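Chain by chain, the residues run as shown.
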Amino acid sequence: ALRDPHQPEFLQAVKEVMTSLWPFLQKHPRYAEHGLLERLVESERIIQFRVCWVDDRGQTQVNRGFRIQHNSAIGPFKGGMRLHPSVNLSILRFLAFEQTFKNSLTTLPMGGGKGGSDFDPKGKSDGEVMRFCQALMAELYRHLGPDTDVPAGDIGVGAREVGFMAGMMKKLSNSASAVFTGKGLAFGGSLMRPEATGYGTIYFAEQMLYRKNQSFDGKSVSISGSGNVAQYAAEKALDLGAKVVSLSDSDGTLYVKDGIGVDMLKEIMDLKNVQRGRLADFASRNKLSFEAGKRPWHIPVDIALPCATQNELDHNDAETLVRNGVLCVAEGANMPSTLEAVDVFTRAGTLYAPGKASNAGGVAVSGLEMAQNSQRLSWHHAEVDERLRAIMKDIHENCVRHGSRADGSINYVDGANIAGFVKVADAMLAQGVY
Ligand code: NDP
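Remember, predicted model here, so these are calculated numbers, not experimental data. Throughout, a residue's number is its position along its own chain's written sequence, starting from 1. Totals for whole chains, interfaces and linings use all residues, but because this is a predicted model, local features are given only for residues with pLDDT of at least 70 and pairs of side-chain atoms are given and counted only at 80 or more.

Draft legend 1. Layout of the site of the ligand. Taken together, 23 residues lie around the ligand, and Gly227, Asp249, Ser250, Ala333 and Gly362 are the ones closest in. Secondary structure elements follow DSSP: runs of H or I no shorter than four residues count as helices, runs of E no shorter than two count as strands, and numbering proceeds from the N terminus. Ranked by the residues each element gives to the shell around the ligand, the list is headed by helix 7 (residues 228-239), at three residues. Being near a molecule or strand means, for a residue, that its C-beta atom, positioned from the backbone, comes within 6 Å of it.

Draft legend 2. Up close: the sheet that holds strand 12 (residues 351-353). Think of it this way: DSSP has to see at least two bridges between two strands before they count as a pair. Pairing within the open sheet is mixed, and its seven strands lie in the order 9-8-7-6-10-11-12. Edge positions in the sheet fall to strand 9 (289-292) and strand 12, since each of these pairs with one other strand and no more. Shown here is a sheet whose adjacent strand axes are inclined to one another by a mean of 15°, direction ignored. As paired elements, strand 11 (residues 328-330) and strand 12 share three bridges and run parallel to each other. Within the sheet, the bridge partner assigned to Ala330 lies in strand 12 and is Ala353. Contacts between helix 6 (residues 193-210) and the sheet are confined to strand 10 (303-305), strand 11 and strand 12, with strand 11 contributing the most and set at about 150° to the helix. Axis definition: a line fit to C-alpha positions, over the contact stretch in the case of helices; interaxial angles, taken between N-to-C directions, run 0 to 180 degrees. Note that contacts rest on C-beta atoms placed from the backbone: two residues are in contact if these are within 7 Å.

Draft legend 3. Quick look at the pairing of strand 8 (residues 252-255). Strand direction decides the pairing type here: strand 7 (residues 243-249) and strand 8, joined by four bridges, are antiparallel. Within strand 8, the position partnered with Ser246 by the bridge is Tyr255. Turn length for the strand 7-strand 8 hairpin, with the two strands adjacent in sequence and antiparallel, is two residues. Here strand 8 runs beside strand 9; their pairing, made up of four bridges, is antiparallel. In the sheet register, Thr253 faces strand 9, and the bridge partner there is Glu291.

Draft legend 4. The arrangement of the sheet that holds strand 5 (residues 149-152) in detail. Taken in spatial order, the five strands make up an open sheet running 1-2-4-3-5, and their pairing is mixed. On the outer flanks of this sheet lie strand 1 (45-54) and strand 5, each paired with one strand and no other. Adjacent strand axes in the sheet meet at a mean angle of 20° when their direction is disregarded. Here six bridges tie strand 2 (residues 60-71) to strand 4 (residues 112-117), and the two strands are oriented antiparallel to one another. Within the sheet, the bridge partner assigned to Arg67 lies in strand 4 and is Gly115.

Draft legend 5. Just the packing of helix 6 against helix 7, in detail. Packing of helix 6 against helix 7 leaves a shortest axis separation of 7 Å and a crossing angle of 55°. Relative to helix 7, the element helix 6 is oriented oblique. Two packed elements cross with a definite hand, and for helix 6 against helix 7 that hand is right-handed. Residues Pro194, Glu195, Thr197, Gly198, Tyr199, Thr201 and Ile202 of helix 6 form the contact with helix 7, whose own contacting residues are Asn228, Val229, Ala230, Gln231, Tyr232, Ala233, Glu235, Lys236 and Ala237. Looking at side-chain class alone, the contact of helix 6 with helix 7 contains eight nonpolar, five polar and three charged residues. Throughout, the term roughly parallel applies to angles under 35 degrees, roughly antiparallel to angles over 145, roughly perpendicular to angles from 65 to 115, and oblique to all others. In this scheme, a crossing is called left-handed if the near helix is turned counterclockwise away from the far one by less than a right angle; it is called right-handed if the turn is clockwise. Gly is put with the polar residues, along with every residue not named as nonpolar or charged; the nonpolar set is Ala, Val, Leu, Ile, Met, Phe, Trp, Tyr, Cys and Pro, and the charged set is Asp, Glu, Lys and Arg.

Draft legend 6. How the structure looks around unusual backbone geometry. Although it is not a glycine, Asn213 sits at a positive phi angle of roughly 55°. Relative to the helices and strands, Asn213 is located in the loop between helix 6 and strand 6 (220-223). In this scheme every C-beta is placed from the backbone, and a residue whose C-beta has 20 or more other C-beta atoms within 10 Å is buried, one with 12 or fewer is exposed, and one in between is partly exposed. A residue is classified by how many C-beta atoms lie within 10 Å of it, and Asn213, with 6 of them, is exposed. With phi around 55°, Arg376 is a residue other than glycine that occupies positive phi space. Mapped onto the elements, Arg376 comes out in the loop between helix 13 (361-375) and helix 14 (381-403).

Draft legend 7. Highlighting helix 5 (residues 159-173). Between its terminal C-alpha atoms helix 5 stretches 21 Å, which fits the 21 Å expected from 15 residues at 1.5 Å a residue. Buried residues of helix 5: Glu161, Val162, Phe164, Met165, Ala166 and Met169, and no others. Contacts from the buried residues of helix 5 go to strand 3 (77-83) and helix 4 (126-140). Taken from the residues just after helix 5, Asn174 is the one with a positive phi, measuring 50°. A helix's residues, less one, multiplied by 1.5 Å, set its expected span.

Shape descriptors only; they carry no functional weight alone.
Rendered as structure tokens:
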């Protein structure tokens, strides 16, 4: 905290992990030796750079680009690029720190990284987005490589942006080595990567529910966000027989009491991914309820899935959800619940899964994309889906192993943090102090 007083999100993420680790470290003090914890919170390398590009009116625009190469103890740095006006060092360091534990949990050999820019893709033409991505890569390319650092998508970075970045990477490096995941299927992408984070979140929640002899069938589900993660979480929840009552964006919440059906979801996917439209317009065109400026947490549901952004669910929201009898909260986004909200869920005995466990399916399939690229092979849809399911089941079991409490309940926060930590810590200890 003394070193990074102006990085609240990073400190929040560190506090959550250290709180989980503390009792574990008392029992296993060797994990606190050789400055291990101090090294774990210090990023191996941070790159910040100017990104200049020319907009459609001929005006020069200047943005700030970042890449956080946080920890490479178990493999090359790996983590998405985020394009959003809120992007700053604190947000990217929290994400890179979380990513280190998440990647460890997947069991695949990937270190933790994250990057992005304060560029806002909203309202920009395809040409502007392309010129920005190319300008960003003009600097970033020299810091990437298939065995060094392999970025992917995140907020504001989908197939279009990954395509522009990966294309420029190939041009500048004169190499077709795959240094992005989330690529299009025509140039080395993996089947199931678009679905992976949303589906993985549902597979994880399914495991939590099974332990309580419950399932998604017939349950009501609220989802925040309407981007990549939210869309596919909704799709899989519907597939398992749940009723999805909400999606949202930064303008507010689309609330459909009778449930968003498969056809309506398809229309929303087209609206968001192709037309790049807004939910409010969709609601007004279709005479549906849109709650401007509101998040979905006041809606009484069995299962809540925050899939938009960090700190979008605070302790008041958590208390409302608990009061309304929520059974399970599984995070598709990274750190969407504040520390106080997590505390409310823990005290109430709500089944609560932190993002670093429940949303790890995205980076897991990114790891599978890297494996396919190395082999110059493409696996079938069913094969990737089966591996994703197996990985989410393994992560769940690992959380249960490290998060079981005396009363038989599972603290998934402790479970994920300890399980993720042990592998990274063992690797760091084995490789000496550097
Ligand atoms: P997208 O850009 O596809 O979608 C983001 C969604 O969240 C949009 O609906 C957006 O609304 C909304 N949103 C973004 N910022 C805010 C905000 N400040 N307030 C309210 N709503 C907001 O991103 P993803 O779906 O890829 O990512 C969502 C979350 O999941 C992030 O936390 C990301 O880090 C996490 N994640 C993503 C993975 C992936 O594979 N994509 C993997 C693991 C985690 P609007 O359009 O109005 O901005």
